Each structure stands twice: as C-alpha cells, then as structure tokens.
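A structural walkthrough
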Amino acid sequence: MGEQRTPGHGAGVEADATAAAQAAGEAVAAVDVGGTRVKAALVDRQGRELVSTTTATPADLGAAAALVEAVTATVHELKRAAAEQGLTVTVGACGVVVPGLVDDTHGVALYSANLGWRDLDLVTPLETALGVPVGLGHDVRAGLLAEARWGGAQGSDNVMFVPLGTGIAGALMVDGQVLQAGGYAGELGHVVVEPGGPVCGCGARGCLEAVASASAIERAYAARLTSEEAPADRVTAERIAALVARGDPVATAVWEHAVSALGRAVVMAVSLTGVELVLLGGGLAQSGDLLLDPLRREVAGALTFQRPPTLARAALGDRAGCLGAACLAWDLT
Ligand SMILES: [Zn+2]
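The sections below set out a description of the structure shown in this document. Given the structure is predicted, the values throughout are model-derived calculations rather than measurements.

1. Details of unusual backbone geometry
- For D60, which is not a glycine, the phi torsion comes out positive at approximately 60 degrees.
- With respect to the helices and strands, the residue D60 is situated in the loop between β4 (49-56) and α3 (64-84).
- Its identity is not glycine, yet D119 carries a phi of approximately 50 degrees, on the positive side.
- In this structure, D119 sits in strand β8 (residues 117-121).

Structure, rendered in structure tokens:
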C-alpha cells in the first residue's frame, strides 16, 4: 500500500500562497476517501486549504486497520508538506468522509460496495493513531455542510445537494439540519422515476440513477445508435453534452429524457421536504445551463402550490467532500 501511495504524495501537493502566509496557527486535517482518489487538506477556520494532497485510493481498504493506516499516513504527509513550506500549523482535529452507507452519529462506516467494507468502527482507532478528536461522516452529507458554510448554500436552511456522476447521490438540509436517519436519508438516486425501467445497481428498476446518471446517459446513447453509427470507443457523457450543444438529435433526445427524470425526482423531493435550493454537483453539473435551463423548465412546469426552488450549480466542485470533512473536524474543536 505504501508503494502505491508514495508517488502520488508530493506530486499532488499544492499550496495557496496567500492563505499560507496567514497560516501560522490552527488548522484541521480533512480526508475524503473516495472510490478512486483520496483528497486531503489542512484547512483553516475560514475553509481555506493550506496544503492539499490527492492520491490514488489504496487497494484493500476493507478492514478498519487498513483504512486507519491510510488516513494516518495521509495526515502525516499533510503535516510534512506544511513543514516543508515553512508553515507552522497546529492540527486540532481530523475529519474523515467516506462514501456508501455511513452512520455519522456513531462514526461507523456501515457499507461500501466499491471499497468493500462493512461495519467499520473507525473513530476510536483513528483518535488513538492521530492523537486528536476525529469526526467521521458521509461524503455527500459533509459536502452539503461545506456548501452551507463556505459554498453555494450559505444563508440557506432548506437545501438539497445532488452530485450527478457515475451514480447519483443526495443530501438534504431541512431547517438548517442535515438529515441523517442512521445513514439512510437522502438517497435521491434510488427514487423510482420510471416504474419498470432500466435495472439499477441496487437491484430495483427505474431508479433515477439508472435513468439520469452519467453512466445511464452513456448507455442510453449507445443503445440508440445503429451498429454502423456506433463508434469503437465509449462515448462519454461529457461528449454527449457537447453533441447536445451542437443540436445532435440523438444526443438531445437522450439528454431530454434524463433531464425529465431528474426533474420528476427534484419535484418529489421539493414536495416532501420543502427544499428551496437545489445544488447540483458532480461531472454532469459541469455542463451548466445545458442541464440547468431545461431542468428549471421541467421543475417549474410540474409545481403547483410548492415554493419554486432555486436550481444552481454547487460551488465547491470536487473539493466539497474534503471541505465537508474539515467542517466535521472544526465542529469538534
Ligand atoms: Zn437503485
């Protein structure tokens, strides 16, 4: 595992010179363990990343000891990078966020299909290894916390955060509280938008994720092409978005189908929870108004008495999870 980690560290270290100049003080360590990458940073109270690293996620993280070792090594690397840049930083706490099912209240990573773990009780071993208080949370719920504190949801109490990527995740804030329900709240990707529709990774049919995620869009587009038209390589959702922008009819039909499904899911969420702001993140949100304009029309056309939500791109991009981990850590100090 050390061999995999070493090349990435150092090469991925970045520093914000302005922030660094003011950094002689307190910070927290924030670690976002994703399916393919571990993003980490020392973050100050204003949400500035003083140093950051991005490394490949080590293989075999299925046991608590392996994950504790990976997080501990990452935090040590952050401290080393800070010292190398002449920063005098005291790390007062550490936040760790992971995907899958997470019991934020008890600090247990319940289940991750991608990373292969079940019921990992991480907080106590991490606190022992690091010698500071540790908060463990869910990457998307923590990302919503970061958007609320430092990003696109500042000043909003009723928010839904929806990262749209290979899958579709969701997190809900109602009356200023992020809904957790033992780790089960906010699974917008598994709301059924097409009964009897495509099979989802979860086993059900017609889930939003099976209809409107980047991978679902890619599958739907490939299925519409005849064998003569089909390119040898996979056509990415990004490429399909570019085709939509150019008016390609097949890409446009696929895109509209996905946006319509997303609109139905947003309307369900608005009706159930009364969220007033919907922040879209992840790779698909990078298409900006190409996604947002038709989605706004779809949602506006379906609402009757509900408060029309503002639909916007999330502000923190792929740093939301890492900055969310920093929020969890700052809340412990
Ligand atoms: Zn599903």
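2. Section: the coordination of the zinc ion
- Within the protein, the zinc ion binds to H190 (ND1), C200 (SG), C202 (SG) and C207 (SG); these donor distances fall in the range 2.0 to 2.4 Å.
- Considering all 4 donor atoms around the zinc ion, angles at the metal cover 103 to 123 degrees and the coordination shape is tetrahedral.
- One chain supplies every donor to the zinc ion, and in sequence these donors are spaced H-x9-C-x1-C-x4-C.
- Taking the relative accessible area as the measure of exposure, C202 reaches 48% and is therefore partly exposed.
- Taking relative accessible area as the criterion, C207 reaches 0% and is therefore assigned buried.

3. A few points about the environment of D318
- Position of D318 among the secondary structure elements: in the loop between β14 (310-313) and α12 (320-330).
- With a relative accessible area of 43%, D318 lands in the partly exposed category.
- When neighbours within four sequence positions are excluded, D318 is seen to be in contact with R37 and K39.

4. Describing α12
- The element α12 is extensively covered by neighbouring structure, given that 11 of its 11 residues are classed as buried.
- Every buried residue of α12 is listed here: A320, G321, C322, L323, G324, A325, A326, C327, L328, A329 and W330.

The rules behind each value
Residues numbered from 1 in each chain as written. Predicted model: local features only at pLDDT ≥ 70, side-chain atom pairs only at ≥ 80, totals over all residues. Heavy atoms only, no water. Helix = DSSP H or I, 4+ residues; strand = E, 2+ residues; numbered from the N terminus. Donors = N, O, S within 2.8 Å, 3.2 Å for Na, K, Ca; no water. Tetrahedral: all angles 85-135°; square planar, octahedral: opposite > 155°, others 65-115°. Buried < 20%, exposed > 50% of the residue type's maximum accessible area, 1.4 Å probe, protein only. Contact = heavy atoms within 4.5 Å.

Remember that the coordinates give geometry; whether it matters functionally is a separate question.
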